[in-house]
Amino acid sequence: MIRVYFYELNKEDLTVHWNDYLALLPEWRRESCHRMKFEKGQLQQLAAGLLLRYALKDAAGIDLMTAEVTENEYGKPMLRGMVREETEEEGENGTEGKGAIMGVAETTGGPRNRNIYFNLSHSDDYITVAVADTPVGIDVETKTDPDLKIMNRFYSEEEQDAVRAAKDPQKEFRRLWTRKEAYVKCVGTGIHGEVAEIPSLPEVSGEYRFLTLKEEEEYALSIVIRTDELLTKENVEVSCVKDQRLISFLI
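Residues numbered from 1 in each chain as written. Predicted model: local features only at pLDDT ≥ 70, side-chain atom pairs only at ≥ 80, totals over all residues. Heavy atoms only, no water.

### Considering the overall build of the protein
- From N to C terminus, the protein includes 9 helices and 11 strands.
- Put simply, 60% of the contacts in the protein that link residues at least 6 apart link residues at least 24 apart.
- Carbon and sulfur atoms form 46% of the exposed surface of the protein, whose accessible area is close to 12600 Å². (Helix = DSSP H or I, 4+ residues; strand = E, 2+ residues; numbered from the N terminus. Contact = heavy atoms within 4.5 Å. Areas by Shrake-Rupley, 256 points an atom, 1.4 Å probe, with all protein chains shown as cover.)

### As for the sheet that holds strand β8 (residues 204–205)
- Taken together, the 4 strands give an open sheet; going across it, the order is β7-β10-β9-β8, and neighbouring strands pair in antiparallel fashion. A strand with exactly one partner marks an edge of an open sheet, and here the two such strands are β7 (136–141) and β8.
- Against the sheet, helix α8 (residues 169–187) touches β7, β9 (208–215) and β10 (220–226), its axis set at about 150° to β7. (Pairing = 2+ DSSP bridges. Axes fitted to C-alpha atoms, helices over the stretch in contact; angles between N-to-C directions.)

### Some details on the pattern of salt bridges
- Across all of its chains, the model carries 10 salt bridges by this definition.
- A salt bridge links Glu 27 to Arg 30; its shortest N-O distance comes to 2.5 Å. Separated by 3 residues within a single helix, Glu 27 and Arg 30 lie in helix α3 (residues 27–35), roughly one turn from each other.
- The exposure class assigned to Glu 27 is partly exposed, which follows from its relative accessible area of 44%.
- Given a relative accessible area of 24%, Arg 30 falls into the partly exposed group. (Salt bridge = Lys/Arg side-chain N within 4 Å of Asp/Glu carboxyl O. Buried < 20%, exposed > 50% of the residue type's maximum accessible area, 1.4 Å probe, protein only.)

### A few points about the packing of α3 against helix α4 (residues 39–60)
- Where α3 meets α4, the axes come as close as 7 Å, and the angle between the chain directions of the two elements is 160°. Overall, the two elements α3 and α4 adopt an arrangement that is roughly antiparallel. Here α3 and α4 pass one another in a crossing that is right-handed. Here Trp 28, Arg 29, Ser 32 and Cys 33 of α3 come into contact with α4, specifically with Gln 42, Gln 45, Leu 46, Ala 48, Gly 49 and Leu 52.
- Within the contact of α3 with α4, the residues separate by chemical class into 5 nonpolar, 4 polar and 1 charged. (Parallel < 35°, antiparallel > 145°, perpendicular 65-115°, else oblique. Left-handed = near helix turned anticlockwise from the far one by under 90°. Nonpolar A, V, L, I, M, F, W, Y, C, P; charged D, E, K, R; others polar.)

### As for the environment of Gly 41
- Summarising the element assignment, Gly 41 is placed in helix α4.
- When the C-alpha atoms of Gly 41 and His 122 are compared, they prove to be 9.8 Å apart, with 81 residues separating the residues in sequence.

### What about the pairing of β9?
- Of all 8 residues in β9, 6 are buried; the element is thus mostly enclosed.
- When β8 meets β9, the two strands line up antiparallel, connected through 2 bridges. Along β9, the bridge assignment pairs Ser 205 with Tyr 208.
- The pairing of β9 with β10 spans 7 bridges and is classified as antiparallel.

### What to know about the nonpolar core
- Within the largest apolar cluster, 35 residues are counted, with the highest numbers of intra-cluster contacts made by Leu 14, Leu 46, Leu 50, Val 131 and Leu 246.
- What Leu 14 contacts, discounting residues up to four positions off in sequence, is Tyr 7, Leu 9, Tyr 21, Leu 43, Leu 46, Ala 47 and Leu 50.
- Counting 18 residues, the second-largest nonpolar core is a separate cluster that includes Phe 6, Ala 132, Val 136 and Ile 138. (Core = buried A, V, L, I, M, F, W, Y, C linked by side-chain atoms within 4.5 Å.)

As structure tokens, then:
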């Protein structure tokens, strides 16, 4: 199960109903909104929180209002008390030995019994959340690199060649950037070390699978999951959530 939820920011609606919508979020998400210095960041955090609550409830029956959420050492959110601990046998067989798998909950109740992982991203007016039964990272990005200064600093030679050779270099720059971001978010460590060493071109890197879901004029959207199965657009369910549907679902 891999589900992606996509929402385009409605600044007027979020501003008018700020207090009402804020009340639909748990304290830790409300704090994220208040930490933002500028209004745009506050609205992004509000929308991301609403979409996260919607996505977890819709995909897995998890209520973000009652779930206890903490962070791993790199700041990635996870649901406390619902993470799978590594066993000695798993460690011997080479399974990633991180004590706990970040962003995962074990749900209960009939056919929904499984581990649930989540990740979210936002850029300008675009908000996205991924929910899966395997470790997942997602990234949406609107930035461009007209002078290729970012690319020259953070992309490998192979990636730079791919951007220069592309029919639309800015689209390719954005596509590769989202794949890098989604990868480190899936791994759960954030960006550390040499950014150029973070993979973006392959569809497969070790136990991780890469997929770019959207390449529009304004943004790119990519997802990375940890699995040994094939990852294609056919096995990713993408939902574009509208304002009325989002709010009415949460009230």
